[in-house]
Amino acid sequence: MTDCYLCIHGHFYQPPRVDPFTGRIPREPDAAPYANWNERIAAECYTPLAEASYFGRISFNLGGTLARWLDENAHDTYARIVAAERGYLEANGVGNGLAQPVHHTILPLARRRDKICQIRWGIASFTHRFGHWPEGMWLPEMAVDFETLEVMAEEGIRFTILSDEQVQGDLDAGGGPYRVRLPNRKEMAIFVRDRHLSNALSFAMPNPADVDKWLQQQIEWRCLRDGLALITTDGETFGHHHRQGVKVLGRVLARRKAHGYRMTTLGLYMRQNPPRGALEVIENTAWSCAHRLDRWAVGCACTPGDSRWKGALRRALDNLASDLDGVYVQEARRLGADPWPLRDDYIAVVLGQVDGPAFVAGHGLGHLGDEQTRRLLALLEAQFYRQRMYASCTYFFDDLDRHEPRYAIANGVRALALTRYATGDDLAHGFRRDLQVATSQKTGQTAAEMFDGMLEKAEI
Ligand SMILES: [Zn+2]
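This report concerns the structure included in the present document.

A closer look at the pattern of salt bridges
Taken as a whole and judged by the stated rule, the model has 38 salt bridges. One salt bridge in this structure joins Arg-308 and Asp-306, with 2.8 Å as the shortest N-O distance. With relative accessibility at 64%, the residue Arg-308 sits in the exposed group. Salt bridges sharing common partners tie together Arg-112, Lys-115, Asp-145, Glu-147, Glu-150 and Glu-154.

What follows is the structure in structure tokens.
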């Protein structure tokens, strides 16, 4: 028997569904008989996987918005997931969970200080939930550039996952890990997913009764030599995209001896097999768009029809972000704060680790009066919503007139309302002007009209 290892990595994530003004998820009729999609997918996927203890046997990352929803709405499932990861750490000296940048932002499209913020917030959220430092981090949509990898390395992340079409070099070590040298002279270890094997599970999943035949065809020839075969897929593949997925996963985990492979996870495998070889990363690529990053930047053939709204909406959000940052930096500096490190640390308030006034006082700003403290906290909260505008889901689908783009605009409205409350600066006019350029091909509605409908709700 060769030293053949199989790792299944599940990317567990749901787009944010809460109304930014009420904090609640509106009823979603197409998720019936459940009240919304999160409830339905939890019943089909997260809960059965957790009850079968599979989170302790695969590698996974759990998105921030989903983790929070599970914690509050399916707490038993959430607690089982966390306990499984902690149990894995105790048993193996290394965890099987990976962190995720907190708002599922396409990081190559973000400026450096926002990359730092998203990565720091993601690490802080992971540590808060799982109780230890994450060695690995999942890149949203596997979107990669060197600056993102550099920041991750500087923040102490040791490895990430890319798809085989995003790298160049000799892949003789199968799934890796491989060493990538970065422009800042640091290194990042890269695991490389086996695209064909991953797709064979994600898109041509067998019935439970046919798993042995599937393993024979898909795995056994890969196990003729040592190394790692890495399957990476949306976690919702198991039970939601495919009803039989939970059972199939159970069979793949159980039938390892018969087919000559062992199960492993990424952190553990890297302890036993340090990175070797050297790969080149192809910058500005992602696993879910073959047109560099056009899907999230300017629109591309990944979504049907006229997708020019994507570039127009991104410009509106970028201009608003720039305006929000200008007000925040000026006010923070006037009050004696260092704006970007302060924002990076603000995740502690979001996670409920500290209350706002104690956070401000803990950053050497205890001399500020109540009014100044309130103002600074409102601007920090505006920065939170400004970060949340950039969830990748905004641009993933074909049309502007959907929940996801509305959600991005709504977060912008929240951010500008908080800014007006804090300093009196009204950034609405510029944002609305830019939103006029983005039009839905289906309904003819402009993003500016969507914005108008939200303004009233945003009054604080
Ligand atoms: Zn594309």
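Read on, since the account is not over.
Overview of the packing of aromatic side chains
Here the structure, examined in full by the defined rule, presents 16 aromatic pairs. Judged by centre distance (4.9 Å) and plane angle (50 degrees), the rings of Phe-12 and Phe-55 are tilted. With Phe-12 in strand S1 (residues 4-12) and Phe-55 in the loop between helix H1 (37-51) and strand S2 (59-62), this residue pair connects regions lying 43 residues apart in the sequence. Relative accessible area serves as the criterion here: at 1%, Phe-55 is assigned to the buried category. Their ring planes at 15 degrees and their centres at 6.3 Å tell us that Trp-309 and Tyr-395 sit as a pair that is stacked. Remark: Tyr-395 occurs in the loop between helix H16 (370-388) and helix H17 (403-423) and Trp-309 occurs in helix H12 (residues 309-334); sequence separation between them is 86 residues. Judged by its relative accessible area of 2%, Trp-309 falls in the buried class. Tyr-395 sits in the buried class, given a relative accessible area of 0%. Here a set of aromatic residues connected by ring pairs shows up, and it is made of Phe-12, Tyr-46, Phe-55, Phe-60, Phe-126 and Phe-130.

What counts and what doesn't
Throughout this document, residue positions are counted from 1 along each chain, in the order its sequence is written. Residue-level local features of this predicted model are given only where pLDDT is at least 70; pairs of side-chain atoms are given and counted only at 80 or more, and the full residue set underlies all totals for whole chains, interfaces and linings. Note that water and hydrogens are dropped before the side-chain values are worked out from all heavy atoms of the structure. Salt bridge, as applied in this entry: a Lys or Arg side-chain nitrogen positioned within 4 Å of an Asp or Glu carboxyl oxygen. Throughout this description, buried means an accessible area under 20% of the type-specific maximum (1.4 Å probe, protein chains only), exposed means over 50%, and partly exposed covers the range between. Classification of ring pairs uses Phe, Tyr and Trp, with its six-membered ring standing for Trp, and accepts pairs whose centres are within 6.5 Å; under 30 degrees between planes counts as stacked, over 60 as edge-to-face, and the remaining range as tilted. Helix and strand assignments come from DSSP, with helices taken as H or I runs of at least 4 residues and strands as E runs of at least 2, each series counted from the N terminus.

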